[in-house]
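# Chains, contacts and geometry: an overview
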Amino acid sequence: MNFKNWKSVASLLSAAALALALAGCGNATTNEGAGTSQQPAQEQSQSQAQTDLKTQYPLTVTDATGESFTFEKAPAKIVSVSPAETESLFALGLDDQIVGVSDYDDYPEAATTKAKMGGITKPNEESIIASEADIVFTGISMSEDAVKKLRELGITIFKTDPKSIDDVMNNIETFGKITDHQEKAQEIITQMKQDVTDVTEAVKAVKPEEKKKVYVEFSPGWSVGKGEFMDELITVAGGTNIASNEEGWYQINEENVIASNPDVILYANDVIDENSKTLDQIIKARSGWDQITAVKNNAVIGLDANLLSRPGPRVTQGLKEVAKAIYPDLFQ
């Protein structure tokens, strides 16, 4: 069965929370010389902000596994074996520094031209070593054990494990500090925060008793419970995730879904099985599911899997799509 970008999600493991270390800050500059005075307050503030956004090396940061990394300078060669991290790094403007990506990395277009480093759960060790990368980034699809084995080979690998939209933004901020692209990181984060605000403002009038029950299926028989960013997308979008009584990524009980009777069913629109059936066809063909409100009302809605499955800079675009699917009348 072809699960595409969702294939690895089922094997995700929980990891330690990401810890961030702030880069040092410099001082504001002043004009000196005969007949000159200090900069006006506004100019000083702008100068200070620009200085603060320059990374002061050496910089020490800690990843989701608790491993500490000290950078003496911005990395010249970067490998990413996680589609979400790859998107973040390209969004920061690091095209020239990125020398390798995973076999699954397809966005942005520039990522498809980079050297392939193998899978997202078990990348090609030889290719990574040959790339001579200063740092390798990985994400939610790689277990800590796999990361440990790569480190034992002398590979410097930085792992993330975002559980929320805030975690995603914190990761982008950290990447900006590591690579001395903090100004761009703040631009991205500002837009992401605006996306969240747009959604929360649009759904704030939805009363608790009017919240729609939502079920999401990203791979046949697999959904997501509390404690993961995809669950948060549903919640922030004003919905109630019927799977939130469980934690993490798990296989569903079909009878429980029928009993929960979701108002909306969301599914990954790029999943096709060996019989060329799409995920919505699989869902609708299940015994008893024709009695679910979402199916009866034709509220079984396909969404771009990448926007939902990748906790990178486009995750808030995914949030918008989730909100529109749940409450289309609020997003005309």
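Below is a summary of the structure that appears in this document. Quick caveat, the model's predicted, so the values are computed rather than measured.

## Topic: the sheet that holds strand β13 (residues 300–303)
- Pairing is parallel in the open sheet, where four strands are placed in the order β10-β8-β12-β13. Each end of this open sheet is capped by a strand with a single partner; those strands are β10 (240–241) and β13.
- Bridging between strand β8 (residues 213–217) and β10 involves two bridges; their strand directions are parallel. Looking at the pairing, Val-214 lines up with Asn-241 of β10.

## Description of the sheet that holds strand β3 (residues 78–80)
- Strand order in the open sheet formed by five strands is β5-β4-β3-β6-β7, and the pairing between neighbours is parallel. In this open sheet, the two edge strands, each paired with only one partner strand, are β5 (115–116) and β7 (157–159).
- Packing of helix α4 (residues 144–152) onto the sheet brings it into contact with β6 (135–138) and β7, and relative to β7 it is tilted by some 165 degrees.

## Structural notes on helix α2 (residues 83–91)
- Along α2, eight of the nine residues are buried, which leaves the element largely enclosed by surrounding structure.
- If you check which residues of α2 are buried, you get Pro-83, Ala-84, Glu-85, Thr-86, Glu-87, Ser-88, Leu-89 and Phe-90.
- On its buried face, α2 is in contact with β3, β4 (98–101), β6 and α5 (165–179).

## Remarks on the side chain of Glu-85
- In this fold, Glu-85 is placed in helix α2.
- At a separation of 2.5 Å, a polar atom in the side chain of Glu-85 contacts the side chain of Ser-82.
- The contacts of Glu-85, once residues within four sequence positions are left out, are Ser-80, Phe-137, Thr-138, Gly-139, Thr-160 and Phe-175.

## Looking at unusual backbone geometry
- For the bond running from Tyr-57 to Pro-58, omega is 0 degrees, close enough to zero to count as cis.
- Look at the link from Tyr-107 to Pro-108: it is a cis peptide, with omega at -5 degrees.
- Despite not being glycine, Asp-180 shows a phi value in the positive range, around 60 degrees.
- Tracing the backbone shows Asp-180 in the loop between α5 and α6 (182–203).
- A residue is classified by how much of its surface remains accessible, and Asp-180, at 23% relative accessible area, is partly exposed.
- For Asn-298, which is not a glycine, the phi torsion comes out positive at approximately 55 degrees.
- Mapped onto the elements, Asn-298 comes out in the loop between α10 (293–296) and β13.
- In this structure Asn-298 comes out as exposed when scored by relative accessible area, which is 57%.

Calculation rules
- Residues numbered from 1 in each chain as written.
- Predicted model: local features only at pLDDT ≥ 70, side-chain atom pairs only at ≥ 80, totals over all residues.
- Heavy atoms only, no water.
- Pairing = 2+ DSSP bridges.
- Helix = DSSP H or I, 4+ residues; strand = E, 2+ residues; numbered from the N terminus.
- Contact = heavy atoms within 4.5 Å.
- Axes fitted to C-alpha atoms, helices over the stretch in contact; angles between N-to-C directions.
- Buried < 20%, exposed > 50% of the residue type's maximum accessible area, 1.4 Å probe, protein only.
- Polar contact = N/O pair within 3.5 Å; in protein donor to acceptor, adjacent residues only side chain to side chain.

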